[in-house]
Amino acid sequence: MLKIDKLVKAYQFRRETVPVLHNISLEVPRGKIFGFLGANGAGKTTTIKVIVDLLFADSGTIMIDNLPHSSIKAKRLIGFMPEQPQFYHHLSAREVLLFVGELFELDPKTVETKAKNLLRQVGLADAENTVVRRFSKGMHQRLAFAVALMNDPKLLIMDEPLDGLDPLGRLDFKRLFLEQKKLGTTIFLSSHILSDVEEICDEVAIINKGQIVKQGTPQKLRGTYPTLEEYFVSTVQKQ
Ligand SMILES: Nc1ncnc2c1ncn2[C@@H]1O[C@H](COP(=O)(O)OP(=O)(O)OP(=O)(O)O)[C@@H](O)[C@H]1O
Ligand SMILES: [Mg+2]
């Protein structure tokens, strides 16, 4: 569903070139939940921003459902939840979703019902008419997830979607991820909460200092380590 081939990216910062991604190659199988793991600064957000075309790569190719990732057709297939979701603060949760529906040129007749259903699913039914300015961190995350689902994506890309959620919220989100998977959606997510990753991901890749160092099922990578977290810490420390 998502194929990244030899991705290279450097930032230009104060006339310096800072290499961040070195030849990243990855394949995310259709219909799976794929976890993208790495320490702070490893290059997860940079990779994700390149996938969704918010940043340009220096070289390499990315295909989404066999379409070039920067094509409009490919973008219509993606639902995206960024690391730090931002909304127009004066809009209510419902208005945010209607706005996103317009951007995706969804049928105006169904968009109201869709927004209502999604707000219920993410636990924001009571906040439907609350302006975003009054939202807590967890409410922002919930709204961002609803936004990402608004266009019925085939590929859901989420940068630390469980960040800032209380235990109940995390449970809700994990249940919703599994529901999406049942519908056939492919999910690519980054997370630092490795117990959750281990629970829901079919496959994971570890990025370290801009390079993919491991890829496989959580069980296979973990091997004899008691948890994925312990395996992750030992792998990243060794590099
Ligand atoms: N706009 C920028 N200009 C220069 N360097 C940047 C820029 N954005 C990120 N970097 C650098 O690129 C590297 C990778 O950053 P990135 O945000 O992709 O990491 P990450 O894996 O998402 O980390 P985290 O877990 O903290 O979110 C870091 O060294 C960071 O300092
Ligand atoms: Mg990040």
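Structure first, text after, so check above.
1. Details of the layout of surface pockets
(1) Moving on: Of the pockets and cavities examined, the largest pocket occupies roughly 670 Å³.
(2) Moving on: If you list the elements that add at least two residues to the lining of the largest pocket, you get helix H2 (72-75), strand E6 (78-81), helix H3 (93-103) and helix H5 (137-149).
(3) Moving on: When residues of the lining of the largest pocket are assigned to their parent elements, the largest contribution, 4 residues, is made by H3.

2. Digging into the site of ligand 1
(1) Moving on: Near ligand 1 you find 13 residues, and of these Gly41, Lys44, Thr45, Thr46 and Glu83 are the closest.
(2) Moving on: In this structure, an oxygen atom belonging to ligand 1 sits 3.0 Å away from a main-chain N or O atom of Gly43.
(3) Moving on: One of the side-chain N or O atoms of Glu83 is found 2.6 Å from an oxygen atom in ligand 1.
(4) Moving on: Bound to the protein, ligand 1 loses 64% of the 640 Å² it would expose on its own.
(5) Moving on: Broken down by element, the shell around ligand 1 gets its largest block of residues, 3 residues, from helix H1 (residues 44-51).
(6) Moving on: Classifying every residue of the shell around ligand 1 gives 4 nonpolar, 6 polar and 3 charged.

3. Quick look at the sheet that holds strand E9 (residues 203-208)
(1) Moving on: Here we have 6 strands laid out as an open sheet, ordered E6-E7-E8-E3-E9-E10, and mixed in their pairing. Every other strand in the sheet has two partners, leaving E6 and strand E10 (211-216) as the edge strands with one partner each. In this sheet, neighbouring strand axes are inclined to one another by 15 degrees on average, regardless of whether the strands run parallel or antiparallel.
(2) Moving on: As paired elements, E6 and strand E7 (residues 155-159) share 4 bridges and run parallel to each other. Along E7, the bridge assignment pairs Ile78 with Leu155.
(3) Moving on: Across the face of the sheet, H5 comes into contact with E6 and E7 while running at roughly 170 degrees to E6.
(4) Moving on: Packing against the sheet, helix H9 (residues 228-238) makes contact with strand E3 (33-37), E9 and E10, and its axis sits at approximately 30 degrees to E9.

Scoring rules and cut-offs
Residues numbered from 1 in each chain as written. Chains lettered and ligands numbered in written order. Predicted model: local features only at pLDDT ≥ 70, side-chain atom pairs only at ≥ 80, totals over all residues. Heavy atoms only, no water. 1 Å grid on protein atoms, 1.4 Å probe; cavity = no way out; pocket = protein on both sides within 12 Å on 5 of 7 lines; lining within 4 Å. Points joined across faces, edges and corners; volume = space filled by probe spheres on them. Helix = DSSP H or I, 4+ residues; strand = E, 2+ residues; numbered from the N terminus. Near = heavy atom within 4 Å. Polar contact = N/O pair within 3.5 Å; in protein donor to acceptor, adjacent residues only side chain to side chain. Areas by Shrake-Rupley, 256 points an atom, 1.4 Å probe, with all protein chains shown as cover. Nonpolar A, V, L, I, M, F, W, Y, C, P; charged D, E, K, R; others polar. Pairing = 2+ DSSP bridges. Axes fitted to C-alpha atoms, helices over the stretch in contact; angles between N-to-C directions. Contact = heavy atoms within 4.5 Å.

Functional significance is not addressed by these values, which are geometric in nature.
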